[in-house]
Amino acid sequence: MNDSGTPATRTAPSPATDLPPTTGQPPLPGGRDLMGPVENLQRIMWTGTIWFVGGVVAVALAFSAVLLSGWRPDVLSTPGEVVFWAGGVVVAVSLGLIGWSGCPILEVSVPVADRNKSRTMQLGTFSFLVGSALVMFSVLLGPGA
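About the thresholds
Residues numbered from 1 in each chain as written. Predicted model: local features only at pLDDT ≥ 70, side-chain atom pairs only at ≥ 80, totals over all residues. Heavy atoms only, no water. 1 Å grid on protein atoms, 1.4 Å probe; cavity = no way out; pocket = protein on both sides within 12 Å on 5 of 7 lines; lining within 4 Å. Points joined across faces, edges and corners; volume = space filled by probe spheres on them. Helix = DSSP H or I, 4+ residues; strand = E, 2+ residues; numbered from the N terminus. Nonpolar A, V, L, I, M, F, W, Y, C, P; charged D, E, K, R; others polar. Axes fitted to C-alpha atoms, helices over the stretch in contact; angles between N-to-C directions. Parallel < 35°, antiparallel > 145°, perpendicular 65-115°, else oblique. Left-handed = near helix turned anticlockwise from the far one by under 90°. Core = buried A, V, L, I, M, F, W, Y, C linked by side-chain atoms within 4.5 Å. Buried < 20%, exposed > 50% of the residue type's maximum accessible area, 1.4 Å probe, protein only. Contact = heavy atoms within 4.5 Å. Phe/Tyr/Trp six-rings, centres within 6.5 Å; stacked < 30°, edge-to-face > 60°. Lys NZ or Arg CZ within 6 Å of the ring centre and 35° of its normal.

In this structure, the largest pocket spans a volume of roughly 290 Å³. As for the largest pocket, its lining consists of 13 residues, of which Val-59, Phe-63, Gly-88, Val-91 and Val-135 are closest to the centre. A per-element tally of the lining of the largest pocket places helix H3 (residues 78-102) first, with five residues. Partitioning the lining of the largest pocket into residue classes produces 11 nonpolar, two polar and no charged.

Now the structure itself:
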């Protein structure tokens, strides 16, 4: 009975509205926390796929343009060639990290997968930018065509 004398009705707790916010911010109306582990994982998995496809296309376009122009890594001096291949390896690893982040398979629990996929997405994106810059820097420092 409630204060007015009518029978009180109880409702089952809703998992979407009864979870506390995970980032210290109040939840959105309806109880959604945009930075909660589930929401973050969903976002990383679909944006990771887009980033992966974009990275592969960017590498393919840039590399094919350089190769079609007749340029080859052997025209570089030894330090330049080392920088070129090191940058290429960093880009390849970064695409693997980004691809794994976008993979819709959770290796363990949601909180652990959220942490792991967030970190690999960040590291993959950073590595892609650094590796690409190293490769293009070595190409630009090489002899002109």
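After that view of the structure, there is still more to cover.
On to the packing of H3 against helix H4 (residues 110-141). Interaxial distance between H3 and H4 falls to 7 Å at its minimum, and their mutual angle equals 155 degrees. When the axis of H3 is compared with that of H4, the two are roughly antiparallel. For the pair H3 and H4, the crossing hand works out as left-handed.

This paragraph deals with the nonpolar core. Among soluble globular proteins, nonpolar side chains are generally buried collectively. In terms of nonpolar packing, the biggest core is built from six residues, these being Val-66, Trp-71, Leu-76, Phe-84, Val-135 and Val-139. Leave out the neighbours within four places in its chain, and Trp-71 touches Val-66, Leu-76, Phe-84 and Val-139.

On to the packing of aromatic side chains, then. Scanning the model with the defined rule gives two aromatic pairs in all. Their ring planes at 55 degrees and their centres at 5.3 Å tell us that Trp-71 and Phe-84 sit as a pair that is tilted. One end of the pair, Trp-71, is in the loop between helix H2 (37-68) and H3; the other, Phe-84, is in helix H3, with 13 residues separating them in the sequence. One exposure class covers both Trp-71 and Phe-84, and it is buried. On the basis of an interplanar angle of 85 degrees and a centroid distance of 5.1 Å, the ring pair of Phe-84 and Trp-85 is categorised as edge-to-face. With a relative accessible area of 5%, Phe-84 lands in the buried category. Grouping aromatic residues by their ring pairs yields a cluster made of Trp-71, Phe-84 and Trp-85. One residue, Lys-117, lies across the ring of Trp-100, its end atom 4.4 Å from the ring centre.

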